[in-house]
Amino acid sequence: MPQATDRYLSFLVVAAAAALLAALALQFLGGLPPCPFCVYQRYPYLVVIAVGALGFWLRRPRLALALAAMALAVNVGLAAYHVGIEQGWLALPEGCAAAGRATTIEELRRQLQTAPARCDQVAFTFAGLSLATWNAIYAAALLLIAAWALATSSAAQQDREPRAA
């Protein structure tokens, strides 16, 4: 069963890399600057890639799957929280609002030019859903795949181990 575990882990690493590449393409090629929460949602994908690489290197794909599942669960939580902010169900965190007060017009212009995108404003939708919503769905699907891989590899491993009488 280790081969199946390796395949699941490989799939998760490629899927995480694809999510990061899509986010970077939207940012740099599509002209959609990320808000702070959008950036936070990228970190769990980096963790999946890192633990996947370590899992292969240390020959511990099952442990890497478990750690990847935890990172994906964090990402689902971050994305769901971001959707709540976008929908107005949750308060806008302080880090997502412009900081400081301008005392002159020049200071105000400078702040506006360097201000990050707001977390409560949907900059782009696809099929009527925000990118944060799509990320929540994507990360949840990857989490389910990781959980399935862990459950099936555990069951197969238990079947091969001798049982105490």
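Up top is the structure.
Being a predicted model, the structure only gives us computed values, none of them experimental. In this numbering scheme, every chain counts its residues from 1 along its sequence in written order. Residues qualify for local features only when their pLDDT is at least 70, as the model is predicted, and side-chain atom pairs are given and counted only at 80 or more; totals for whole chains, interfaces and linings, by contrast, use all residues. As a convention, hydrogens and water are excluded, and side-chain values are obtained from all of the structure's heavy atoms.

A. Just helix 3 (residues 43-57), in detail. Taking 1.5 Å per residue, 15 residues should reach 21 Å; helix 3 reaches 21 Å between its end C-alpha atoms and fits that length. Secondary structure is summarised from DSSP: a helix means a run of H or I of at least four residues, a strand means a run of E of at least two, and numbering begins at the N terminus for each. Looking one or two residues beyond helix 3, the residue adopting positive phi is arginine 59, at roughly 60 degrees. The span one expects for a helix is its residue count, reduced by one, times 1.5 Å.

B. Molecular detail of the side chain of glutamine 41. Counting through the fold element by element, glutamine 41 comes out in the loop between helix 2 (36-40) and helix 3. The definition of a polar contact used here is a pair of N or O atoms within 3.5 Å, where within protein one atom must be able to donate a hydrogen and the other to accept one, and adjacent residues in sequence count solely through side-chain atom pairs. Within the structure, the side chain of glutamine 41 is placed 3.0 Å from the backbone oxygen of phenylalanine 37, a separation counted as a polar contact. If we skip the residues at most four places from it in the chain, glutamine 41 touches Asn75, Leu78, Ala79, His82, Ala132 and Asn135. Any two residues whose heavy atoms approach within 4.5 Å are treated as being in contact.

C. Fine view of the nonpolar core. Buried Ala, Val, Leu, Ile, Met, Phe, Trp, Tyr and Cys residues form a nonpolar core when they are joined through side-chain atoms within 4.5 Å. Remark: exposure states derive from per-residue accessible area (1.4 Å probe, protein chains only) relative to the maximum for the residue type, with buried under 20%, exposed over 50%, and partly exposed in between. With 20 residues, the main nonpolar core has Leu12, Tyr45, Val48, Leu65, Ala68, Leu72 and Leu142 as its most contacted residues. Elements supplying a minimum of two residues to this core: helix 1 (2-28), helix 3, helix 4 (61-87) and helix 6 (131-160). Every residue in contact with valine 48, bar those within four places of it in the chain, is listed here: Leu12, Val13, Ala16, Ala68, Ala71 and Leu72.

D. Seen up close, the environment of alanine 149. Mapping alanine 149 onto the fold places it in helix 6. Overall, alanine 149 belongs to the buried group, its relative accessible area being 0%. Distance in space between the C-alpha atoms of alanine 149 and threonine 5 is 6.4 Å, their sequence separation being 144 residues.

E. Broad picture of a nonpolar patch on the surface. On the surface, a nonpolar cluster with roughly 450 Å² of combined accessible area is contributed by Phe124, Phe126, Leu131, Trp134 and Ile137. Here the nonpolar patch takes 3 residues from helix 6, the largest share from any one element. Looking at leucine 131, the relative accessible area reads 33%, which means it is partly exposed. In this scheme, patches are assembled from residues that exceed 30% relative accessible area and form no salt bridge. Like charges are connected within 9 Å, while nonpolar side chains (Val, Leu, Ile, Met, Phe, Trp, Tyr) are connected within 5 Å. Residue burial considers only the protein chains on display, and all accessible areas are found by Shrake-Rupley using a 1.4 Å probe. Salt bridges are defined as contacts in which a side-chain nitrogen from Lys or Arg sits within 4 Å of a carboxyl oxygen from Asp or Glu.

F. Quick peek at the environment of glycine 52. The residue glycine 52 is located in helix 3 in this model. For glycine 52, a relative accessible area of 0% gives the class buried. Note: C-alpha distance between glycine 52 and alanine 64 (12 residues apart in sequence) is 5.6 Å. Ignoring sequence-local partners within four residues, the contact set of glycine 52 consists of Leu9, Val13 and Ala64.

Purely spatial values, then, with no claim about function.
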